[in-house]
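# Structural overview for review
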Amino acid sequence: MAKVSFLEKLDSLDRRIIFLIIALVVFIPLLVPLGLPVETTQLTEDAFYALDELPQDAKILLSFEYGPSTKPEIHPMAISVLRHLFSKGNKVIIMCLWPDGLFMANEALDLVARQEFNLEYGVDYVNLGYRPGNEAIIKGITKSFAANFSIDSKGTSISQIPIMHDIQTARDVDFIFSLSAGYPGAIEWVLYAGDPLQIPISSGNTSIQVNQLLPYVKSGQMKGIIAGMPGAAEYETMVIRKIEKNIGVITDDARKLLPNFKERRNATKFMDAQSIAHLMIVLFIVLGNVSFFVKRRKQKKY
Amino acid sequence: MFWKRTIPSIIVAAVGIIMLLSWFIPHAPFDELEIHATQWYDIIASFAMILGGLNLLKLQGRKVVKRQKGWAYSLAAVLAFFMTLTFGFMVKGGFYPNLESPGDNPEAVYAYIAEATNSDLENTRSLYSDPGEDGEQIILYKAIVSKRTAKKAIDELEALGATASLGELQWGSHVQGQKTYYRWVFYSFFTPLSATMFALLAFFVASASYRAFKIRNAEATVLLVSGILIMLGRVPLGAYLTAWTQKISWLSWLHLPTIQEWLYQYPNAAGSRAIMIGIGLGIVGTSLRIILGIEKSFMGGD
């Protein structure tokens, strides 16, 4: 019987060993951060500058279409985008096409709008809440907000919410930003609102969605994308850099909050773990292939 | 046949044609009809949720009654469904003591509130020293605040000389309000379970890539190499490892984030676009077949 080498044995490595190694390479960098620098990419820069160039009185529609499963990837984007917008003095209208998006929106608003910026609900921002209907809601608000959102998430009639007074349809917002982890999400926003009404639109998505969205970015229908946790880390870095270097419009509150933003970098702190985990998966693939070739060569021999 | 086939076909054709025309003729009466149609859709979507719930009960309930394989999981699903339904529609929590006046012994009242809300005495004093006309809501340090708990706190506050009343979140807004049963279910059950399920993906991806990502032919090699480049190029480690290439101009294209970005924006976008155009043409074809009454499979049966 032919002797089985170590490399051949690797091919049938117990999956529990792989799981253990992955767990370790994720945990260790979380406990001992490497502090790898975050470089920004074109996609994130395009999304950042599209929002950054909006005037101070611009109103941005922020849609939450993600839940707890994708929270680690998308929630840091939501926080960074809100910090960016509020640091410029922009007004934000929030709505949710996913039921659990409402909880995510409230969490992000509680942190950024209430605790950090101490903004006034209904004047600086509003949360219209969740409505079932997917793309029909998007199509609906292109004709009338009031017909689809008669009350906000707190039960207040939108006619009594100051920020909504001059917003009748989606045409009245200056920018749409979709924080989306699937359907309905960024694509539906492009198809039913952004493109027909010529409203600039951008999106924060999970990494696996980027493939589907890139054609819309390349055609100019979307202004960049924040792609996955690396994109969120890049966006965090850009917001901090903007305030640090005093570029463009920045409110005094944002300047005061800079140390807080630097301390609470929700995506950047996970990038070391993701870096090492990706490297480990690449090593697994290489080892798997070495084992595969050794085995195949042996089979050809006999 | 007439009621089951012909009438639904006529309705579908009429609605399809109206929606199609409203896209090209954004004027009366088509724009109005479009608003109504989307609102009908919202209403139907809400009823679809009820149907979905009933379907879940029917399928999972049958498994439990017949003691089919994995019936215990079905039982958990049914119980979770009823628990969430109860906390959404019948039992809400979200009660709170409303401090109207601290009374003659304010320091004792502030000390009590600080302990009950698990907050700093100084902050508590500044927050509650001047309750507004409608009183000041006290957020007790508990996951859920029932009527009994809130009443007990009111009794204790009144024993210290304060004037307090019972406040409660309204039905509807309790879904996102603090200290409610619904919120407790979301954060204590749904969030950790959902995050755990998604987090397991990392382990399976590592294990699957080790076993399945093999260089068997030229196509698999292209896929594998681009996969590795994207995985490393997306994370800070990739940029860090190839940072040296930025110092030599003719090697700068070897910078991993640059390669990753190129792969994303050109070959990947081209492939995705081709797939999307194919899907789009398919949707147009199928929609026309439905509107013209050629395609009837959506009605069920033959």
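Residues numbered from 1 in each chain as written. Chains lettered and ligands numbered in written order. Predicted model: local features only at pLDDT ≥ 70, side-chain atom pairs only at ≥ 80, totals over all residues.

## So, the overall build of chain B
To keep things clear, this is the line we draw: Each helix corresponds to a stretch of at least 4 residues labelled H or I by DSSP, and each strand to a stretch of at least 2 residues labelled E; elements are numbered beginning at the N terminus. Each radius of gyration reported is based on C-alpha atoms, and the globular scaling rule is 2.2 Å times the count of residues to the power 0.38. Three exposure classes are used. Buried residues have 20 or more other C-beta atoms within 10 Å of their own C-beta, exposed residues have 12 or fewer, and partly exposed residues fall in between, all C-beta atoms being placed from the backbone. It is the C-beta atoms, placed from the backbone, that decide contacts: two residues are in contact if theirs lie within 7 Å.
Check the secondary structure of chain B and you find 10 helices and 3 strands. The C-alpha radius of gyration of chain B comes to 30 Å, more than 25% above the 19 Å expected for a compact globule of 302 residues. In terms of overall dimensions, chain B has a C-alpha envelope of 80 × 75 × 55 Å along the principal axes. Expressed as a percentage of the 302 residues in chain B, the buried residues total 21%. By sequence separation, contacts in chain B at least 24 residues apart represent 62% of the contacts at least 6 residues apart.

## Topic: the sheet that holds strand β2 (residues 91-96) of chain A
The strands making up a sheet associate through hydrogen bonds between their backbones, and the pairing can be parallel or antiparallel. Residue and element names in this part refer to chain A. Here is the rule: By this definition, two strands are paired if DSSP reports at least two bridges between them. Each axis is a line fitted through C-alpha atoms, and for a helix only the stretch in contact is used; angles between axes span 0 to 180 degrees, taken between their N-to-C directions.
Ordered in space as β3-β2-β1-β4-β5-β6, the 6 strands form an open sheet in which the pairing is parallel. Each of the sheet's edge strands pairs with one partner strand only, and the pair in question is β3 (125-130) and β6 (225-227). Adjacent strand axes in the sheet meet at a mean angle of 15 degrees, parallel and antiparallel pairs treated alike. Examined bridge by bridge, strand β1 (residues 59-65) and strand β4 (residues 175-180) share 6 bridges and lie parallel to one another. Bridge pairing in β4 links S63 to S178. Sitting on the sheet, helix α5 (residues 101-116) touches β1, β2 and β3, and the angle it makes with β3 is about 165 degrees. Lying over the sheet, helix α8 (residues 186-197) contacts β1, β4 and β5 (201-205), oriented at roughly 155 degrees with respect to β4.

## Examining the interface of chain B and chain A
Counted only if it meets this: In this count, Pro and Cys sit with the nonpolar residues alongside Ala, Val, Leu, Ile, Met, Phe, Trp and Tyr, while Asp, Glu, Lys and Arg are called charged and the others, Gly among them, polar.
On the chain A side, the residues contacting the 51 residues of chain B number 52 residues. If you tally residues by element for the side of chain B that touches chain A, the top one is helix α7 (residues 181-212) of chain B, at 15 residues. When its residues are assigned to classes, the side of chain B that touches chain A shows 29 nonpolar, 14 polar and 8 charged.

## Looking at the packing of helix α10 (residues 228-244) of chain A against helix α11 (residues 252-263) of chain A
In helix packing, the relevant descriptors are the interaxial angle and the interaxial distance, both defined with respect to the helix axes. All names here are of chain A. Threshold: Any angle that is under 35 degrees is reported as roughly parallel, and any over 145 degrees as roughly antiparallel; angles of 65 to 115 degrees are reported as roughly perpendicular and all others as oblique. Here a crossing is called left-handed whenever its near helix is offset anticlockwise from the far helix by less than a right angle, and right-handed whenever the offset is clockwise.
Where α10 contacts α11, the axes come no closer than 10 Å and their chain directions differ by 140 degrees. Taken as axis vectors, α10 and α11 run oblique relative to one another. Where α10 crosses over α11, the two elements pack in a sense that is left-handed. Contacts from V239, I240, I243 and E244 in α10 reach A254, R255, L258, F261 and K262 in α11. Of the residues belonging to the contact of α10 with α11, the class tally is 6 nonpolar, no polar and 3 charged.

## Focus on α7 of chain B
Using the following cut-off: Multiply 1.5 Å by the residue count of a helix minus one, and that product is the helix's expected span. Here the bend at a residue means the angle between the axes of two seven-residue stretches, the one that ends at it and the one that starts at it.
With 32 residues, α7 of chain B ought to run about 46 Å at 1.5 Å a step, and its terminal C-alpha atoms sit 45 Å apart, in line with that. For α7 of chain B, the principal kink sits at F190 of chain B and spans about 35 degrees; a proline, P192 of chain B, occurs within the next four residues. For α7 of chain B, every residue scored as buried is listed here: Y181, Y182, R183, F186, A206, S207, S209 and Y210 of chain B. Its buried side turned inward, α7 of chain B meets α2 (15-31), α5 and α12 (268-301) of chain A together with α3 (71-89) of chain B.

## Focus: the pairing of strand β1 (residues 95-101) of chain B
All names here are of chain B. Counted residue by residue, β1 has 5 buried out of 7 residues, so it is predominantly covered. Of the pairings in the sheet, the one linking β1 to strand β3 (residues 163-168) comprises 6 bridges and is antiparallel in character. Looking at β3, one finds that L99 is bridged to A164. Sheet topology note: the β1/strand β2 (residues 136-137) ladder contains 2 bridges and is antiparallel. Residue L99 lies in a different strand from β2, and its bridge partner there is E136.

## Notes on the pairing of β2 of chain A
The side chains of a regular strand alternate between both faces of the sheet. Residues and elements named next belong to chain A. For clarity, the threshold we go by: Looking down the strands as they point away from you, a crossover is right-handed if its path from the first strand over the helix to the second goes clockwise.
Counting buried positions over the 6 residues of β2 gives 6, a clear majority of the element. Side-chain alternation along β2 places K91, I93 and M95 on one buried face and V92, I94 and C96 on a second face that is also buried. As defined by bridge partners, β1 adjoins β2 across 6 bridges and the pair is classed as parallel. Residue pairing in the sheet places I60 in a bridge with V92 of β2. The parallel pair β1 and β2 is bridged by helix α4 (residues 71-87), and the resulting crossover is right-handed. Where β2 and β3 come together, 4 bridges link them in parallel fashion. Across the sheet, C96 pairs through a bridge with Y130, a residue of β3.

## With respect to the sheet that holds β1 of chain B
All names here are of chain B. If you trace the 3 strands from one edge of the open sheet to the other, you get β2-β1-β3, paired in antiparallel fashion. Because the sheet does not close on itself, it has two edges, and the strands there are β2 and β3. Of the strands in this sheet, β1 and β3 touch helix α6 (residues 147-159), which is tilted by about 20 degrees from β1.

## Notes on unusual backbone geometry
Put simply, Y183 of chain A and P184 of chain A share a cis peptide bond, and its omega is -10 degrees. Relative to the helices and strands, P184 of chain A is located in the loop between β4 and α8. For the bond running from A28 of chain B to P29 of chain B, omega is 0 degrees, close enough to zero to count as cis. With respect to the element layout, P29 of chain B can be found in the loop between α1 (2-24) and α2 (30-65). Positive phi, close to 50 degrees, is recorded for N134 of chain A, a residue that is not glycine. For N134 of chain A, the location among the structural elements is in the loop between β3 and α6 (135-141).

## Quick notes on the confidence of the model for chain B
For clarity, the threshold we go by: pLDDT gives the predictor's per-residue confidence on a scale running from 0 to 100.
Chain-level statistics for chain B give a pLDDT mean of 90 and a share of 99% at 70 or above. Two numbers describe this predicted complex: its pTM, 0.87, and its ipTM, 0.85.

## Remarks on the nonpolar core
Note the threshold: Only buried Ala, Val, Leu, Ile, Met, Phe, Trp, Tyr and Cys residues enter a nonpolar core, and they are joined through C-beta atoms within 7 Å.
Membership of the largest hydrophobic core comes to 128 residues, with the highest contact counts inside it found for F64, A78, L82, I93, I94, L213 and I225 of chain A. Apart from residues no more than four positions distant in its own chain, A78 of chain A is found in contact with F64, M104, A108 and L179 of chain A.

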